[in-house]
Amino acid sequence: MKKALLHITFCILYFASLAQKDYTQYVNPFIGTGGHGHTFPGASMPFGMMQLSPDTRGADWDGSSGYHYSDSVIYGFSHTHLSGTGIPDYCDILFMPFTGEVKWNSKDYRSGFSHKNEKASPGYYEVLLDKHNIKAQLTTNIRSGLHQYSFSPAEKEGSILIDLKWRDEVLDAFIEKVNDHAVRGYRRSKSWAQDQIVYFYAQFEQPINSFTIAKENKEINVLQQQGKNIKAALSFRLSANKKLRCRIGISGVSMDGAKENLNAEIASWDFDKLHNNAKAAWNKELSKIDVSGGTKDQKTIFYTALYHTFLVPNIYQDVDRQFRGTDKQIHKANDFTNYTVFSLWDTYRAYHPLMTIINERRTEDWIKTFLAQYQYGGMLPVWELSSNETFCMIGYHSVSVIVDAFQKGVNGFDKKLALQAMRSYAESNRFGLNYYREQGYLSNDKEHESVSKTLEYAYDDWCIAQFAKMIGNDSVYRQYIQRAQFYKNVFDPQTHHMRGKIQAMWHTPFDPREINNFFTEGNSWQYTFAVPQDINTLIELNGGKESFATKLNNLFTTSSQTTGREQADVTGLIGQYAHGNEPSHHMTYLFNYIGMPWRTQELVHKICNDFYTNASDGLIGNEDCGQMSAWYIMSALGFYPVCPGSGEYVLGTPVFDKVTIHLENGKQFEVRSKKSNVGSKKSFYVQSVKLNGSQYNKSYLLHTDIMKGGNFEFTLSDKPNQKWGTEEKSFPHSGIKDHQIVPVPFFEAKSNKFKDCIKISLTGLDGSAQVYHSKLTADGDVNFYPQGAFDLCETKEINAYASKDRIQSKIVTQKFYKLPSDKTITILSKVNPMYTAGGSESLIDGIEGTTNWRAGDWQGYFDQDLEAVVDLQKKQPVNHLGVHVLQDVSPWIIYPKEVIFYTSDDGQNFKETARVKNTIDNAAQGAQMQELGTDVNLQARYIKIKAVNGGKLPAWHESAGNPSYLFIDEIIIK
């Protein structure tokens, strides 16, 4: 009994000490606000709906959050902000304090500021606005916030400008003076989210002395107004303390909802009290992981990372539990809390697995939110923002979040509904899924970014298979475990890279460093290892462990130079590994699967030290709603979820001497590290590991071991131990053994276009499989014949499949074209190497492309005109000249300004024959095509064509002023 009392007393004292510990002292909200981190420094509660923060710029890429550390002016303080995204949105309802005459133009009312007069901590922000010498302080509750503005002693009147036009395209806005102390309104806008709406209700401590509304920056004498460019100015007589306070509530439901949220959350004008409440809320969340040891900077980096993971997703319901669904209707969340902002392509990798450890209850709410979005909006979220599905990025990774959580015991949701919702997306025709199912992979003639989509669809399908298996649905398991192997259909056995196809042929020329339209924000190097569900087979496809080790080491040691398209997201390069973008995040840990854990330890240690710093540019890439930070947190703990849904964490090397994870089940899991050479900065190599005091030889850790509580101890040294973790039985598990598929064959030829005859061969990934191709019989039927190579002398579409042990692959199709031989072409301009269309003769092959310009049928010329000469082989009558051109302004492709045609008999002396101007402007969105041509009546042998580049990108474009592409796929001569 005495022992029990002592234990209870110890627990009480221990948790009391935690409650007194100030974790917020280690949080630096400015980390990530510079460079390309895209975070914001303002005030918010953990997972709060409101993010009250300064805006220093409009809507550009590095200003996605509204703030960038390099800026020197503030436009005001808005109430919603995104954390670390790669596309701008939010920054709704801008408040700006001022004195004197109102200035309605943002360039006139903005103010300079200095970082010397700026402070931020969890739940608090402060800055001095130089223009009017006003000290601004901000703090928040979940759905509400409190502004406190301190004016100069000499000021007798202070004012606030409310700008509802700021930043995004406004669809509709409204403001109304309710009484002498309150205004209310709403703002509907279009940016990333196509129809985002936020309501507000603002109360002021002092009575409003004057209230002025401006519409289109012109003052009107009304108390309410609706429109697309609405602003208001409110003036107040200042009290003796020269402070002006405003408390504001927001809602996605209604203005009344915003008022109720405010009344429920902020009952007084006590700024310090609200700030202290926010600080206490943050300390409660941050105390879930307690670290000891390490430098002050390392603690700051860790707790700031943890802080960033608690900023999103955001609660998206009012205090009465009402919320706006993805069907735009109002619903009530009876048994869960509804959330928004799900950056799932990023966060499924490490963020959500981390939350299954420290935020199980919220994880269950997120899954129930997913299912509500399926029920009301017809689909699970891909990238949902403020009740808008943006369809940003690829895959259907809400599946991964659901399955990973379920596998780990988070199961308080409708399993039948979950499987239905997951399959509903996977069986849809969105983003090429119909072609993916039909041919077992995506090719770029069917869907752009085809390699990346094939790989990520295959992983998501593995997740569905695991879920089906766990709930006992064998038929669904079989179907999806086969789909999980479709990644094999884009693996090139010659280069050992994931490689793009056009129809059923590999795209050439191939450079694994090239960032092109076959990949999503990356290249082949950065996707070749993206098979977390079947790493063992990937090792075999590469020729075994030694060959795979060579390939994996090459990833980190090859040149960091990329080719092809500029991609701002590809940062933090070690060789071709790009830590600044998510597809690479698991790859440092793959050495454990081949018995080389010391190599993982070296790379993890390097990334933790080099790519995460205590500075404004302390993130090597976009924070992406917590994923960049979650990688650091998991890696600092000493383990990482390579394959969410497996229940395993692959071991790396810990940063801190001691870490205690406080689990929601009341238990604790402690990670300790002992260094044999304490003074050495290289003491990160794992010598041995113990779990609960017993020797532990595996190079991975199970989620169940963490949730049981206990202790996990690393012994570290400054020299690698090349014996620990090297036995096969110690490796992590990642392999698909059930229901093996036969990969599809692929065609090999110089081109899919030829003049006389062409030799074609058919090859399969599995060399022991028999390959068959289609052939017309004498009576017109199509039969399949086992033949690996053959000659073709006519235009033909050929089908093929591979077969082994009575298992047949999907059928693939390839079209071959016999080119006309009555003309040749010489191109005088330099074609962009990403858009060659297979060579110069593609411009005179008689085959016109489609609006899917990523399929490879179009030639592209960047920042230059196209000049080409066509030789008709002899002088002959010509009655029509034209070019087939394309425009898709968003990806920088603009119609030529005009096309000029010249003719010649000798190929040396040309005279202008016709000139055709483009009459379609560059305002239209989406891809479109046209022929710029004219009838003529002449005789000539040589036709010279000059297509004049369309010029700079238009003012409305996010990259306005940059050069554009000219795209052409056919020169038409009749």
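Here the focus is the packing of aromatic side chains. Per the stated rule, a full pass over the model turns up 53 aromatic pairs. Pairing Phe302 with Phe656 gives two aromatic rings, centres 5.4 Å apart and planes at 80°, and the pair type is edge-to-face. Of this pair, Phe302 sits in helix H5 (residues 296–309) while Phe656 sits in the loop between strand S37 (648–651) and strand S38 (658–662), and the two are 354 residues apart along the sequence. Comparing Phe302 with Phe656, the two get one shared label, buried. Ring centres 5.6 Å apart and planes at 85° place the aromatic pair Tyr835 and Tyr965 in the edge-to-face group.

With that out of the way, let us pick up the sheet that holds S37. Sheet architecture is open: three strands sit in the order S36-S37-S42, paired in antiparallel fashion. Taken across any chain shown, the strands that pair with only one partner, and hence form the sheet edges, are strand S36 (639–640) and strand S42 (700–702).

Further remarks concern the pairing of S37. Within a regular strand, the side chains alternate between the two sheet faces. Residues Glu648 and Val650 line one face of S37 and the alternating positions Tyr649 and Leu651 line the opposite face, and both faces are buried. The pairing of S36 with S37 spans two bridges and is classified as antiparallel. Directly across from Phe639, in S37, lies its bridge partner Leu651. Direction of pairing for S37 relative to S42: antiparallel, over a ladder of three bridges. The residue of S42 that forms the bridge with Val650 is Tyr700.

In this section: unusual backbone geometry. For the bond from Val312 to Pro313, the omega torsion is -5°, close enough to zero to count as cis. Looking at where Pro313 falls in the secondary structure, it is placed in the loop between H5 and strand S21 (314–315). Of note, the amide linkage connecting Thr508 to Pro509 takes the cis form, showing an omega dihedral of -5°. With respect to the helices, strands and loops of the structure, Pro509 is situated in the loop between strand S31 (505–506) and strand S32 (514–515).

Attention now goes to the environment of Asp297. Turning to its location among the elements, Asp297 is positioned in helix H5. Sequence separation between Asp297 and Asn28 is 269 residues, and the spatial gap between their C-alpha atoms is 10.0 Å.

Further remarks concern the nonpolar core. Counting 176 residues, the largest nonpolar core has Phe302, Met422, Tyr632, Phe639 and Phe747 as its most contacted members. By residue number, the principal contributor to this core is helix H12 (residues 450–470), which donates eleven residues. Residues Phe95, Tyr125, Phe151 and Ile175 belong to the second largest nonpolar core, which totals 55 residues.

All right, on to the sheet that holds strand S14 (residues 196–204) then. The strand order across the open sheet built from nine strands is S7-S8-S9-S10-S19-S14-S13-S12-S17, with neighbouring strands paired in antiparallel fashion. Single-partner strands in this sheet number two, and they are strand S7 (118–121) and strand S17 (224–227). Along the sheet, successive strands turn relative to each other by an average axial angle of 15°, direction set aside. Sheet topology places strand S12 (residues 169–179) next to S17; four bridges connect them, and they run antiparallel. Note on S17: the bridge partner recorded for Ile175 is Gln225. Against the sheet, helix H3 (residues 255–265) touches strand S10 (144–150), S12, strand S13 (182–190), S14 and strand S19 (243–251), its axis set at about 50° to S14.

This next bit is on the confidence of the model for the protein chain. Model confidence for the protein chain is summarised by a mean pLDDT of 95, while 97% of its residues fall at 70 or above. Scored below 50 in pLDDT, residues 1–18 shows eight contacts in the model against residues more than four places distant or in partner chains.

Cut-offs used in this document
- Residues numbered from 1 in each chain as written.
- Predicted model: local features only at pLDDT ≥ 70, side-chain atom pairs only at ≥ 80, totals over all residues.
- Heavy atoms only, no water.
- Phe/Tyr/Trp six-rings, centres within 6.5 Å; stacked < 30°, edge-to-face > 60°.
- Helix = DSSP H or I, 4+ residues; strand = E, 2+ residues; numbered from the N terminus.
- Buried < 20%, exposed > 50% of the residue type's maximum accessible area, 1.4 Å probe, protein only.
- Pairing = 2+ DSSP bridges.
- Core = buried A, V, L, I, M, F, W, Y, C linked by side-chain atoms within 4.5 Å.
- Axes fitted to C-alpha atoms, helices over the stretch in contact; angles between N-to-C directions.
- Contact = heavy atoms within 4.5 Å.
- pLDDT = per-residue confidence, 0-100.

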